[in-house]
Amino acid sequence: MHLGPQSLTLFALLHWSMGDNGNGYLVNVIPVTESALQLLTSIRWDYDFLELDEDLQKPAVVHLTEADKDEFLSKISDESQFKFEFLDLQGMIEEERRQNNGTLSRQGSFDLNIYHPLNEIEDFLQSKQRDHPAMVNVTTIGRTHNGQYIQMITIKLTREDIKMKPAIWIDCGIHAREHISPATCLGLIDRLINQGEKGPLEHFDFFILPVFNPDGYAYTWSNDRMWRKNRRPITRSCTGVDLNRNFVPTDFGGPSTSSNPCSNIYKGTKAFSEPETRAVAVANLQIMKKYGRDMFPLHMSFHSYGQMILRPYSHGVMPPPNLRELDAIGNVMLKSVARSRYTYRYGTSAAILYAVGGASADWAYHQGVPYPFTIELPPQTSGGFIYPASNIKRTYNHIWKMVNAMTRHLRRNG
Ligand code: ARG
Ligand code: ZN
């Protein structure tokens, strides 16, 4: 069992050492005064803050690496302004790992209810293609810096009586550490193949990218469970671009992006500087071209965590032209999960999370996909990138309901 939050003095914090795990530290920082809160707010994009509310007395949660820990602590060194609690990140990670390993999958069958490393996910996709050649097609849409394949799975039901069905795009795992996201995509793929015929598959073609960021995902298994970006080396000491800041030339840069290659929200040197974002853009444009503007209604990107349904625009408060239709679908999404154990909030990232420039959903919207949604999966609790495998099934189950409800709505409303 990992420990609950432990109060700590600044002195003790400064003398932590990471040992040989590369996952870093998780710290609750509780601002005591208004100026303490202001200070945290002013440095929020310089560090990996997982939570930061405009609420005094509420802990901000920051993830620190060995590289930025001392610098961060020197900035908040006035002990009358802050209180600290240490969260046992390493313990949480070990618990997640133990649970994942404890569930031995039955020989020869892929266990959807545990987390899988990249090579097992690739085998899963291949096996789906092998077992359902008429329905499933796995294609490589690009190669990463480290030479991994970026693989998309297409699931279509061929029907004599319907010439062309609209396309739906789903991507998972753009941020490496959000493990529940690829696991949810795999659950959806399995459901679509086994049960989709009488549901969404009858009327839509699905294009699903289960691991948007294969290099980053592999790195979270091998080195650092809290890694977010891709793994392309940028400078001698800094690696990786935040792929969800690397889209949209029109507002490349913008809120919550950074031009510092060491930053977790580094946007890259220019839009589409990364092999992953280029591959996804090309794949999306090909779908648009083949299906036509009106036949590519829905684009979903799964992230974690926070239980949020985010509609355009991510970058600001300007209302999108088709707000009414977006809100109608948003309502359908909220309703579809109202009876599950998960409560979602609905709105723009700018309003309920933080404003984002260069996000993939906004790019899809600019390209003409009318309903792009970013979904922050469970949990809601702080530090929720670590999420034990016992939660996977419940997660893809309620998202399966959500996707079904959305496709029903799209059918009814043309
Ligand atoms: N997936 C989000 C991102 O792209 C992280 C959201 C998590 N934050 C939170 N406090 N719930 O940045
Ligand atoms: Zn994310």
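Rules of the game
- Residues numbered from 1 in each chain as written.
- Chains lettered and ligands numbered in written order.
- Predicted model: local features only at pLDDT ≥ 70, side-chain atom pairs only at ≥ 80, totals over all residues.
- UniProt positions renumbered as here; feature names shortened; annotations may be inferred.
- Helix = DSSP H or I, 4+ residues; strand = E, 2+ residues; numbered from the N terminus.
- Rg over C-alpha atoms; globule rule 2.2 N^0.38 Å.
- Buried ≥ 20, exposed ≤ 12 C-beta atoms within 10 Å, placed from the backbone.
- Contact = placed C-beta atoms within 7 Å.
- Axes fitted to C-alpha atoms, helices over the stretch in contact; angles between N-to-C directions.
- Left-handed = near helix turned anticlockwise from the far one by under 90°.
- Nonpolar A, V, L, I, M, F, W, Y, C, P; charged D, E, K, R; others polar.
- Parallel < 35°, antiparallel > 145°, perpendicular 65-115°, else oblique.
- Near = placed C-beta within 6 Å.
- Pairing = 2+ DSSP bridges.
- Domains from an automatic or database assignment.
- Core = buried A, V, L, I, M, F, W, Y, C linked by C-beta atoms within 7 Å.
- Expected span 1.5 Å × (residues − 1).
- Arc of directions from axis to C-beta.

Where an unreviewed UniProt entry is consulted, the chain appears under the name Peptidase M14 domain-containing protein, with the organism given as Tigriopus californicus. Under the heading Cofactor (unreviewed entry), UniProt records this for the chain: "Zn(2+)".

Colleague: Hey, could you go over the overall build of the chain for me, with residue numbers and the actual values?
Modeller: Of regular secondary structure, the chain possesses 12 helices and 13 strands. For 414 residues, the compact-globule formula gives about 22 Å, and the C-alpha radius of gyration of the chain, at 21 Å, lands near that figure. A buried classification covers 45% of the 414 residues belonging to the chain. A fraction of 76% describes how many contacts in the chain between residues 6 or more apart in sequence connect residues 24 or more apart.

Colleague: Requested: an account of unusual backbone geometry, with residues and values cited.
Modeller: A cis geometry characterises the amide bond from serine 304 onward to tyrosine 305, with omega recorded as 5°. Examined against the element boundaries, tyrosine 305 turns out to sit in the loop between β10 (298-304) and β11 (308-311). Between proline 312 and the following residue, tyrosine 313, the backbone shows a cis peptide bond with an omega angle of -10°. Within the fold, tyrosine 313 resides in the loop between β11 and α9 (323-336). The backbone phi angle of serine 256 is positive, close to 45°, even though this residue is not glycine. In this structure, phenylalanine 272 is a non-glycine residue whose phi angle is positive, near 60°. Among the secondary structure elements, phenylalanine 272 is positioned in the loop between α7 (214-222) and α8 (275-291). The class of phenylalanine 272 is buried, set by 20 C-beta atoms lying within 10 Å.

Colleague: Residue-level account of the packing of α9 against helix α12 (residues 392-412), with values.
Modeller: Remark: α9 packs on α12, axes separated minimally by 9 Å, with the N-to-C direction vectors making an angle of 140°. Crossing angle aside, the handedness with which α9 passes α12 is right-handed. Along its contact with α9, which presents Ile329, Val332, Met333, Lys335 and Ser336, the element α12 presents Lys401, Met402, Ala405, Met406 and His409. Grouping the constituent residues of the contact of α9 with α12 by class yields six nonpolar, two polar and two charged.

Colleague: Can you tell me about the packing of helix α6 (residues 180-195) against α12, naming the residues and giving the values?
Modeller: Where α6 contacts α12, the axes come no closer than 9 Å and their chain directions differ by 60°. One way to sum up the angle between α6 and α12 is to call them oblique. The element α6 and its partner α12 pack so that their crossing is right-handed. Residues Ile180, Ala183, Thr184, Gly187, Leu188 and Arg191 of α6 lie in contact with α12, whose contacting residues are Ile392, Thr395, Tyr396, Ile399, Trp400 and Val403. Along the lines of polarity and charge, the residues of the contact of α6 with α12 split into eight nonpolar, three polar and one charged.

Colleague: Any details on the environment of arginine 408? Residues and values, ideally.
Modeller: For arginine 408, the location among the structural elements is in helix α12. Residue arginine 408 is classed as partly exposed on the basis of its C-beta count, with 15 C-beta atoms lying within 10 Å. C-alpha of arginine 408 to C-alpha of histidine 203: the two residues are 205 residues apart in sequence and 9.3 Å apart in space.

Colleague: So, the site of ligand 1: which residues are in play, and what are the values?
Modeller: Near ligand 1 you find Leu50, Glu51, His175, Glu178, Asn244, His303, Ser304, Tyr305, Gly306 and Glu376, and these make up its full shell. At the level of secondary structure, the elements contributing two or more residues to the shell around ligand 1 comprise β3 (48-51) and β10. Its residues assigned to classes, the shell around ligand 1 comprises two nonpolar, five polar and three charged.

Colleague: Give me the lowdown on the pairing of strand β13 (residues 371-377), citing residues and values where you can.
Modeller: The buried fraction of β13 amounts to seven of the seven residues, a majority that puts the element mostly inside the structure. Where β10 meets β13, seven bridges bridge the pair, whose relative direction is parallel. Its bridge partner lying in β13, serine 304 is registered against leucine 377. Where β11 meets β13, three bridges bridge the pair, whose relative direction is antiparallel. Bridged to leucine 310 within β13 is threonine 374.

Colleague: Got a sec to walk through the domain arrangement of the chain? Specific residues and values, please.
Modeller: For interface size, the figure often reported is the accessible area lost on association. For the chain, the assigned domains are domain 1 (8-87) and domain 2 (110-413). Domain 1 and domain 2 are separated by 31 Å when their C-alpha centres are compared. The partner domain 2 presents 10 residues to the 11 residues of domain 1 that form the contact. Within the residue set of the side of domain 1 that touches domain 2, elements represented by two or more residues are β3 and β4 (60-64). The leading source of residues in the side of domain 1 that touches domain 2 is β3, at three residues. Classifying every residue of the side of domain 1 that touches domain 2 by side-chain character gives five nonpolar, four polar and two charged.

Colleague: Describe in detail the nonpolar core, supporting the description with residues and values.
Modeller: One finds Leu188 and Ile208 to be the most contacted residues of the largest nonpolar core, which totals 104 residues. When neighbours within four sequence positions are excluded, isoleucine 208 is seen to be in contact with Met152, Ile153, Ile155, Ile170, Cys185, Leu188 and Ile189.

Colleague: Let's hear about α9: which residues, and what values?
Modeller: Along its 14 residues, α9 runs 20 Å from first to last C-alpha, staying within 8% of the 20 Å computed at 1.5 Å per residue. Among the residues making up α9, those that are buried are Leu326, Ile329, Gly330, Met333 and Ser336. The arc that holds the buried residues of α9, viewed along the axis, is 125°, so those residues lie on one side. Its buried side turned inward, α9 meets β11, β12 (345-348), β13 and α12.

Colleague: If you had to explain the environment of asparagine 23 to someone new, which residues and values would you point to?
Modeller: Position of asparagine 23 among the secondary structure elements: in the loop between α1 (10-14) and β2 (25-31). Counting along the chain gives 40 residues from asparagine 23 to histidine 63, while the straight-line C-alpha distance between them is 9.2 Å. If we ignore the near neighbours within four places in the chain, the residues touching asparagine 23 are Leu89, Gln90, Ile93, Asp224, Arg225 and Met226.

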